[in-house]
Amino acid sequence: MDQRISLITLGVKDPEASATFYEAMGWQRAPSPDGVIAFDLIGQTLGLYPIDKLAEDIGLPVGSLGQGAVTLSYNCREKDEVAQVIASAESAGAEVLRPASEIFWGGHVGYFRAPDGHIWEVAWNPFSPLSPEGAFRWNGYS
């Protein structure tokens, strides 16, 4: 198995409502079959899928999927961009969990909960600058 993630699927109650939130953040949908909403990312795709259908596909009851302690992270090119992204998320309907602020490891972060319940970290990491196209690597691109 190659060291990569191809698709991140979020089980959501209302895929169309979730898609509206991501579109308000400036994302564009990719063509996809009925029942799946997809957004192509740099090197991956984010899929929105009805949580009941996801549970059925896996073979588990919906209640057993829970909400796990997972965050999705968006890294910014500049420190000031963190507050801008958090403000955009709030305007699009997200709940701000932590406003943009300094963090112990030397970066700048904020957190929001999307209307579908998924938690996003927005960060600027001075030790991991993004590639020109925005790709992230733990120790940055040179």
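Quick note: structure is the one above.
The present account deals with the structure reproduced in this document. Quick caveat, the model's predicted, so the values are computed rather than measured.

1. So, the sheet that holds strand 3 (residues 45-50)
Reasoning step 1: With respect to topology, three strands assemble into an open sheet ordered 1-3-2, the strand pairing being mixed. Across the chains shown, the open sheet's two edge strands, defined by having one partner strand only, are strand 1 (7-12) and strand 2 (37-40). Ignoring which end each strand starts from, the neighbouring axes of this sheet average 20° apart.
Reasoning step 2: By the bridge criterion, six bridges tie strand 1 to strand 3 in an arrangement that is parallel. In the strand pairing of strand 3, Leu-7 is matched with Thr-45.

2. Points about the layout of surface pockets
Reasoning step 1: As a volume, the largest pocket reaches approximately 1200 Å³.
Reasoning step 2: For the largest pocket, the lining is made up of 30 residues, of which Ile-42, Gln-44, Ser-73, Ala-135 and Phe-136 are closest to its centre.
Reasoning step 3: Only strand 4 (71-75) and strand 7 (119-124) provide two or more residues apiece to the lining of the largest pocket.
Reasoning step 4: Looking at which element gives the most residues to the lining of the largest pocket, the answer is strand 4, with five residues.
Reasoning step 5: Across the lining of the largest pocket, the residue classes break down as 17 nonpolar, eight polar and five charged.

3. Describing the side chain of Ser-18
Reasoning step 1: In this fold, Ser-18 is placed in helix 1 (residues 15-24).
Reasoning step 2: For Ser-18, a relative accessible area of 4% gives the class buried.
Reasoning step 3: In this structure the side chain of Ser-18 is engaged in a polar contact, spanning 3.1 Å, whose partner is the side chain of Asp-116.

What counts and how
- Residues numbered from 1 in each chain as written.
- Predicted model: local features only at pLDDT ≥ 70, side-chain atom pairs only at ≥ 80, totals over all residues.
- Heavy atoms only, no water.
- Pairing = 2+ DSSP bridges.
- Helix = DSSP H or I, 4+ residues; strand = E, 2+ residues; numbered from the N terminus.
- Axes fitted to C-alpha atoms, helices over the stretch in contact; angles between N-to-C directions.
- 1 Å grid on protein atoms, 1.4 Å probe; cavity = no way out; pocket = protein on both sides within 12 Å on 5 of 7 lines; lining within 4 Å.
- Points joined across faces, edges and corners; volume = space filled by probe spheres on them.
- Nonpolar A, V, L, I, M, F, W, Y, C, P; charged D, E, K, R; others polar.
- Buried < 20%, exposed > 50% of the residue type's maximum accessible area, 1.4 Å probe, protein only.
- Polar contact = N/O pair within 3.5 Å; in protein donor to acceptor, adjacent residues only side chain to side chain.

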